[in-house]
Amino acid sequence: MTKVAEIKTKENDASVIDFLNSVADEQKRNDSFVIMEMIKKATGEEPKMWGASVIGFGNVRYKSPASGREVDWLKIGFSPRKANFSLFPLHLESKADTLNKLGKHKTGVGCLYINKLADIDLNVLEKIINTVVKK
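Please read these numbers as outputs of a predicted model, since none were measured by experiment.

Colleague: Please set out the overall build of the chain residue by residue, giving values where relevant.
Modeller: A tally of regular secondary structure across the chain gives 4 helices and 7 strands. Taken over the C-alpha trace, the chain has a radius of gyration of 15 Å; the compact-globule value for 135 residues is 14 Å, and the two agree within 12%. Across its three principal axes, the chain shows a C-alpha extent of roughly 45 × 35 × 25 Å. Evaluated residue by residue, the chain yields a buried proportion of 43% over its 135 residues. Across the chain, the fraction of contacts at a sequence separation of at least 24, relative to all contacts at a separation of at least 6, is 49%.

Written as structure tokens, this is what we have:
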């Protein structure tokens, strides 16, 4: 049996609303509430803080295909970082056609980076979120 790895970013009881209200940039704060509601609707889950700056929905045991290491992690989440929003884990490798329709964004390993919601098509983002949630 594989031992579940301990990770630094864990679910906690901090207030998601207080965290989002503390986001200094008004546009980023407003966009954060839109993203939160979009994911909440898709998952049917209440948002929880993970660490100090990640809003997560649901829990899954993730097994790394490379190392075999297992961790308890959020099913889907986001973080309103200073430079941009990070949405993860999104398994983006099979979504190239959808991403082409999204608008201005960047991707990383399993992450989607968006500067502001005005740069993208919200319907496409919602489609991506719904696809991830159904996996």
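Colleague: Got a sec to walk through helix α2 (residues 26-43)? Specific residues and values, please.
Modeller: Over its 18 residues, α2 extends 26 Å from the first C-alpha to the last, a length consistent with the 26 Å expected when each residue adds 1.5 Å. Buried residues of α2: Lys28, Asp31, Ser32, Ile35, Met36, Met38, Ile39 and Thr43, and no others. Summarising the axial view, the buried residues of α2 lie within an arc of 165°, below the 170-degree limit, and thus occupy one face. Those residues of α2 that are exposed and angled more than 90 degrees off the buried face are Glu26 and Lys41. Buried residues along α2 sit against α1 (16-21), β3 (54-63), β4 (70-80), β5 (85-88) and α4 (122-134).

Colleague: I'd like a rundown of the sheet that holds β3, residues and numbers included.
Modeller: Sheet architecture is open: 7 strands sit in the order β1-β2-β3-β4-β5-β7-β6, paired in antiparallel fashion. The open sheet is flanked by β1 (11-12) and β6 (106-108), the only strands paired with a single partner. The sheet contact formed by β1 and strand β2 (residues 48-50) spans 2 bridges and is antiparallel. Residue pairing in the sheet places Glu11 in a bridge with Trp50 of β2. Strands β3, β4 and β5 of the sheet are contacted by α2, whose axis makes an angle of about 135° with β4. Its contacts with the sheet put α4 on β4, β5 and β7 (111-114), and the angle it makes with β4 is roughly 170°.

Colleague: Describe α4, listing the residues and the values that go with them.
Modeller: Taking 1.5 Å as the rise per residue, α4 with 13 residues should run 18 Å; its terminal C-alpha atoms sit 18 Å apart, in good agreement. If you check which residues of α4 are buried, you get Val124, Leu125, Ile128, Ile129, Val132 and Val133. The residue sitting at the N-terminus of α4 and contributing the capping side-chain oxygen is Asp121; that oxygen lies 2.8 Å from the backbone nitrogen of Asn123.

Colleague: Give a description of the environment of Lys63 that names residues and reports values.
Modeller: Relative to the helices and strands, Lys63 is located in strand β3. Separated by 33 residues in the primary sequence, Lys63 and Ala96 have C-alpha atoms spaced 24 Å apart. With residues near it in sequence (within four places) discarded, Lys63 still touches Gly68, Arg69 and Glu70.

Colleague: Can you lay out the pattern of salt bridges for me, pointing to particular residues and giving the numbers?
Modeller: Within this structure, the stated rule accounts for 4 salt bridges. The shortest N-O distance in the salt bridge between Lys40 and Glu46 comes to 3.5 Å. Under the relative-accessibility criterion, Lys40 is labelled partly exposed at 26%. We classify Glu46 as partly exposed; its relative accessible area is 49%. Lys41 is the partner of Glu126 in a salt bridge, and the nearest nitrogen-oxygen pair spans 3.6 Å. Here Lys41 lies in helix α2 and Glu126 lies in helix α4, a separation of 85 residues in the sequence.

Cut-offs used in this document
- Residues numbered from 1 in each chain as written.
- Predicted model: local features only at pLDDT ≥ 70, side-chain atom pairs only at ≥ 80, totals over all residues.
- Heavy atoms only, no water.
- Helix = DSSP H or I, 4+ residues; strand = E, 2+ residues; numbered from the N terminus.
- Rg over C-alpha atoms; globule rule 2.2 N^0.38 Å.
- Buried < 20%, exposed > 50% of the residue type's maximum accessible area, 1.4 Å probe, protein only.
- Contact = heavy atoms within 4.5 Å.
- Expected span 1.5 Å × (residues − 1).
- Arc of directions from axis to C-beta.
- Pairing = 2+ DSSP bridges.
- Axes fitted to C-alpha atoms, helices over the stretch in contact; angles between N-to-C directions.
- Polar contact = N/O pair within 3.5 Å; in protein donor to acceptor, adjacent residues only side chain to side chain.
- Salt bridge = Lys/Arg side-chain N within 4 Å of Asp/Glu carboxyl O.

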